[in-house]
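Observations on the model geometry
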Amino acid sequence: MALLRSCSNATSGMGVADHCKDTFLELQRKKTHRYVIFKIDEKRKEVVVDKTGGATESYDDFMASLPENDCRYAIYDFDFVTDENCQKSKIFFIAWSPSVSRIRAKMLYATSKDRFRREMDGVHYEIQATDPSELDLEVLRDRAH
């Protein structure tokens, strides 16, 4: 019975702090952030904002903000110029789950991802990454075009 109970709790996922959605909307509508990194606060049982990157920060700054050995969710506002020379912007949702992170963390982030992702209305693309090479800037460029 205890095993059944723990499985049902694992699939329900974590709550989402109101501040997460507000910060996402600041990125999406006001362009005040280049990226937002979110983490799961296990004590509060919800996803919270871990870090924001200013509008002038680079993709390298974003990559340096992702922990090497722990999971995170991230939203990245990718600006690019089309072949027709038009300035465009696409919002990426990134589920960062490095292969060296704890199994418990990977499970927690995996089971909470869909609920959290649904709260971020307006994301164009989603990327699941376990290694920095899967988040190369070219990957975003290819997806956005």
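Residues numbered from 1 in each chain as written. Predicted model: local features only at pLDDT ≥ 70, side-chain atom pairs only at ≥ 80, totals over all residues. Heavy atoms only, no water.

Another aspect to go through is the confidence of the model for the protein. Considering every residue of the protein, the mean pLDDT works out to 91; 92% of them sit at 70 or more. A low-confidence stretch, residues 1-11 stays under pLDDT 50, and its non-local contacts, those more than four residues away or across chains, total two contacts. (pLDDT = per-residue confidence, 0-100. Contact = heavy atoms within 4.5 Å.)

Moving on, we come to the environment of Phe 80. The residue Phe 80 is located in strand E4 (residues 72-81) in this model. For Phe 80, a relative accessible area of 6% gives the class buried. Between the C-alpha atom of Phe 80 and that of Lys 90, which follows or precedes it by ten residues, the distance is 8.3 Å. Setting aside residues up to four positions removed in sequence, Phe 80 forms contacts with Cys 86, Gln 87, Lys 88, Ser 89, Lys 90, Ala 144 and His 145. (Helix = DSSP H or I, 4+ residues; strand = E, 2+ residues; numbered from the N terminus. Buried < 20%, exposed > 50% of the residue type's maximum accessible area, 1.4 Å probe, protein only.)

Within soluble globular proteins, side chains that are nonpolar generally end up buried alongside one another. Membership of the largest hydrophobic core comes to 23 residues, with the highest contact counts inside it found for Cys 20, Phe 38, Val 47, Tyr 73, Ile 75 and Phe 116. Per element, the largest residue contribution to this core is four residues, and it comes from helix H4 (residues 103-119). Setting aside chain neighbours within four positions, we find Val 47 in contact with Met 14, Gly 15, Val 16, Ala 17, Cys 20, Phe 38, Lys 39, Ile 40, Tyr 73 and Phe 116. Judged by nonpolar contacts, the second largest core, of 18 residues, contains Phe 92, Ile 94, Trp 96 and Leu 135. (Core = buried A, V, L, I, M, F, W, Y, C linked by side-chain atoms within 4.5 Å.)

For the rest of this paragraph, the subject is the sheet that holds strand E1 (residues 15-16). Spatial ordering of the open sheet is given by E1-E3-E2-E4-E5-E6, a layout of six strands whose pairing is mixed. Single-partner strands in this sheet number two, and they are E1 and strand E6 (125-129). As judged from the ten bridges shared by E4 and strand E5 (residues 87-96), these two strands associate in the antiparallel manner. Paired with Val 81 across the strands is Gln 87, a residue of E5. (Pairing = 2+ DSSP bridges.)

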